[in-house]
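Report on the structure
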Amino acid sequence: MAENRKVSNPLALTVLSYLSRGPMHPYDMVRTLRGNADGRSVKFTPASVYMVVRQLAKAGFVAEHETLRTGMRPERTTYALTQAGREEWHRWLRELIEDPRHEYPQFVVALSLMAALPPGEVTGLLRERSHRVAQLRAETQAMISKAAAGGLAPLFLVDEEYRVALLDAETAFLEELIERITDPENGWAGPWTEHLNQAHLP
């Protein structure tokens, strides 16, 4: 069951995960996020990482560990995971694995409003989207294959495999949707066009 969290930004879950390995400075977190291509799963900027660390500290999930100064450089404060933070990390992770959430993908918004455009135009846009989805799938599968060939265990590729499964499902959905619009006998194109014409009558 979903619950209200003191810090609900998904980036915070990733930060907690990295801190479970040991104390880190926010700058090192940014470098690790970039190095691991975490931008494919969670939105972040250097500023957002620093902001999330402050939020986690305020919530008691992380605490200052050590402050060091090297030469003339500014002081660097590392942060460590607290026991409360470790418990929150595991609780949050369990919840996300177990509990399906109602999410708000932008494509769903477009589908709910697509009747405002002519069916012929929408069909063309859907075909272009299908082409781009196929490209994304090929790129993602190539990345999986390269990582597996390099010795990365499948356990650490499951998020990308899930992404491929979603792309496959979207491809199948797009093909069926295009067919439902363009079918010469029972397609939506005729009634759809009539609806648009009536909507534009004075």
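Residues numbered from 1 in each chain as written. Predicted model: local features only at pLDDT ≥ 70, side-chain atom pairs only at ≥ 80, totals over all residues. Heavy atoms only, no water.

1. A closer look at the overall build of the protein
- A count of helices and strands for the protein gives eight helices and two strands.
- For the protein, the succession of helices and strands along the chain, N to C, is α-α-α-β-β-α-α-α-α-α.
- Relative to the compact-globule value of 17 Å for 202 residues, the protein shows a C-alpha radius of gyration of 23 Å, a clear excess of over 25%.
- With respect to the three principal axes, the spread of C-alpha positions in the protein is 75 × 50 × 40 Å.
- With 202 residues in all, the protein has 30% of them scored as buried. (Helix = DSSP H or I, 4+ residues; strand = E, 2+ residues; numbered from the N terminus. Rg over C-alpha atoms; globule rule 2.2 N^0.38 Å. Buried < 20%, exposed > 50% of the residue type's maximum accessible area, 1.4 Å probe, protein only.)

2. Some details on the pattern of salt bridges
- Applying the stated criterion across every chain yields a total of twelve salt bridges.
- For glutamate 88, the salt bridge is made with arginine 5, and the minimal N-O distance between the two is 2.8 Å. Taken as a pair, glutamate 88 in helix H4 (residues 83-98) and arginine 5 in the segment before helix H1 (10-19) lie far apart in primary sequence, 83 residues in all.
- What makes arginine 5 buried here is its relative accessible area of 14%.
- Linked by salt bridges that have partners in common, Arg5, Glu88, Arg91, Glu95, Asp99 and Arg101 make up one network. (Salt bridge = Lys/Arg side-chain N within 4 Å of Asp/Glu carboxyl O.)

3. Here's the deal with unusual backbone geometry
- Here the phi dihedral of alanine 37 falls at roughly 55°; this positive angle occurs in a residue that is not glycine.
- Summarising the element assignment, alanine 37 is placed in the loop between helix H2 (26-35) and helix H3 (46-59).

4. Structural notes on the packing of aromatic side chains
- Within the structure shown, the criterion is met by zero aromatic pairs.
- Seen from the ring of phenylalanine 107, arginine 129 lies directly overhead, with NZ or CZ sitting 3.6 Å from the centre. (Phe/Tyr/Trp six-rings, centres within 6.5 Å; stacked < 30°, edge-to-face > 60°. Lys NZ or Arg CZ within 6 Å of the ring centre and 35° of its normal.)

5. Section: the packing of H1 against H4
- Put simply, H1 and H4 touch, their axes get as near as 10 Å, and they point 125° apart. If you check the angle between H1 and H4, you find them oblique. For the crossing formed where H1 meets H4, the hand is left-handed. Within the contact between the two elements, H1 uses Pro10, Ala12, Leu13, Leu16 and Ser17 and H4 uses Gly85, Glu88, Trp89, Trp92, Leu93 and Leu96.
- Its residues assigned to classes, the contact of H1 with H4 shows eight nonpolar, two polar and one charged. (Axes fitted to C-alpha atoms, helices over the stretch in contact; angles between N-to-C directions. Parallel < 35°, antiparallel > 145°, perpendicular 65-115°, else oblique. Left-handed = near helix turned anticlockwise from the far one by under 90°. Contact = heavy atoms within 4.5 Å. Nonpolar A, V, L, I, M, F, W, Y, C, P; charged D, E, K, R; others polar.)

In short, the description is geometric, and any link to function would need to be established separately.
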